[in-house]
Amino acid sequence: MSDAPDRELRISKIRDGTVIDHITGGQAMNVLAILGIDGDEGIGVSIGMNVPSDKLGTKDVVKVEGRELSQGEVDVLSLLAPEATVNIVREFEVIEKKRVERPERVVGLLTCPNHNCITNADEPVESAFGVVADGVRCEFCGEIVREDIGDHLAVH
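Residues numbered from 1 in each chain as written. Predicted model: local features only at pLDDT ≥ 70, side-chain atom pairs only at ≥ 80, totals over all residues. Heavy atoms only, no water.

Participant: How should I be thinking about the sheet that holds strand S8 (residues 135-138) in this particular structure?
Facilitator: To summarise the sheet geometry, strands pair through backbone hydrogen bonds and adopt either a parallel or an antiparallel arrangement. Strands sit in the order S6-S7-S8-S9 across an open sheet of 4 strands; the sheet is antiparallel. One side of each edge strand has no neighbouring strand; the edge strands of this open sheet are strand S6 (105-107) and strand S9 (144-145). Bridge count for S8 against S9 is 2 bridges, and the pairing is antiparallel. Counterpart to Arg-137 in the pairing with S9 is Ile-144. (Pairing = 2+ DSSP bridges. Helix = DSSP H or I, 4+ residues; strand = E, 2+ residues; numbered from the N terminus.)

Have a look at this one:
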């Protein structure tokens, strides 16, 4: 045991809600965007950003009170943070813990960076991306997004 003071970051437990752990460092704000959280909802949110992680070097942690994630939210989360775990909490106890899994495709959750893509025209076409090894590929124009997927979120 070291005599050094405990310097571990502590975020209080939540009674009911979701804890998203092992988020890629620096992606917590994009996670909030996926969840449509901008602070006006009146729900409790705790964020730890770029905290030390043995597994990832640094990680982000997001705790959302009174809310469980939809499958669509988990799908996009998996693209931003492939190592993330989603913990469902009820009465201060983790009742379910699951790792995110990358889906085969995501629909309506991302925008295509290709300005000439039909999904960016005023057409009634919902974006669709196939998930490939190094990112996502637009199913309409073939544009591949490899980095900064969070910059292309269609969720508001």
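Participant: Is there a simple way to think about the sheet that holds strand S3 (residues 57-65) in this case?
Facilitator: With respect to topology, 5 strands assemble into an open sheet ordered S2-S3-S1-S4-S5, the strand pairing being antiparallel. Across the chains shown, the open sheet's two edge strands, defined by having one partner strand only, are strand S2 (45-53) and strand S5 (93-99). Put simply, the sheet's adjacent strands are angled 15° from each other on average, direction ignored. The pairing of strand S1 (residues 17-24) with strand S4 (residues 85-90) spans 5 bridges and is classified as antiparallel. (Axes fitted to C-alpha atoms, helices over the stretch in contact; angles between N-to-C directions.)

Participant: What should I look at first to understand helix H2 (residues 71-80) in this one?
Facilitator: Residues lying three or four places apart along an α-helix face the same way, a consequence of the helix completing one turn every 3.6 residues. Where burial is concerned, most of H2 is hidden: 8 out of the 10 residues are buried. Within the sequence span of H2, burial applies to Glu-73, Val-74, Asp-75, Val-76, Leu-77, Ser-78, Leu-79 and Leu-80. On its buried face, H2 is in contact with S1, helix H1 (28-34), S4, S6, strand S7 (128-132) and S8. (Buried < 20%, exposed > 50% of the residue type's maximum accessible area, 1.4 Å probe, protein only. Contact = heavy atoms within 4.5 Å.)

Participant: Hey, could you run me through a nonpolar patch on the surface in this one?
Facilitator: Taken together, the side chains of Met-29, Ile-43, Val-45, Ile-47 and Met-49 present a nonpolar region at the surface, about 380 Å² in accessible area. With respect to the helices and strands, the residue Ile-47 is situated in strand S2. (Patch = residues over 30% accessible without salt bridge, like charges linked within 9 Å, V, L, I, M, F, W, Y side chains within 5 Å. Areas by Shrake-Rupley, 256 points an atom, 1.4 Å probe, with all protein chains shown as cover. Salt bridge = Lys/Arg side-chain N within 4 Å of Asp/Glu carboxyl O.)

Participant: Is there a simple way to think about the pairing of S2 in this case?
Facilitator: Regular strands place their side chains on alternate faces of the sheet. Bridge analysis of S2 against S3 gives 7 bridges, and the strand direction is antiparallel. Its bridge partner lying in S3, Ser-46 is registered against Lys-63.

Participant: What am I meant to see in the confidence of the model for the chain here?
Facilitator: A low pLDDT means the predicted coordinates there should not be read in detail. For the chain, per-residue confidence averages 87 on the pLDDT scale, and residues scoring 70 or more make up 92% of the total. In this model residues 1-5 is a low-confidence stretch, pLDDT under 50, and it forms 0 contacts with partners more than four residues away in sequence or in other chains. (pLDDT = per-residue confidence, 0-100.)

Participant: Honestly, the pattern of salt bridges in this entry has me stumped. Any pointers?
Facilitator: Note that side chains of opposite charge can pair when their charged atoms are close. Inspection of every chain in the model, using the stated rule, returns 9 salt bridges. A salt bridge links Asp-21 to Lys-59; the shortest N-O distance between them is 3.0 Å. Placement of the pair is Asp-21 in strand S1 and Lys-59 in strand S3, with a sequence separation of 38 residues. Taking relative accessible area as the criterion, Lys-59 reaches 13% and is therefore assigned buried. Among the ionic pairs, Glu-73 bridges to Arg-67, the shortest N-O distance being 2.4 Å. Under the relative-accessibility criterion, Arg-67 is labelled partly exposed at 22%. Ionic contacts of the salt-bridge type, sharing partners, join the residues Lys-55, Glu-83 and Arg-99 into one network.

Participant: Can you walk me through unusual backbone geometry in this structure?
Facilitator: The phi torsion of most residues other than glycine is negative, and most of the peptide bonds are trans. Positive phi values are uncommon outside glycine, yet Asn-50 reaches one of about 55°. Within the secondary structure layout, Asn-50 lies in strand S2. Phi is positive for Phe-92, close to 70°, though the residue is something other than glycine. Its location among the elements puts Phe-92 in the loop between S4 and S5.

Participant: When you look at the pairing of S1 in this model, what are you seeing that I'm missing?
Facilitator: Among the 8 residues in S1, 7 count as buried, and that is most of the element. Of the pairings in the sheet, the one linking S1 to S3 comprises 6 bridges and is antiparallel in character. Residue Gly-17 lies in a different strand from S3, and its bridge partner there is Glu-65.

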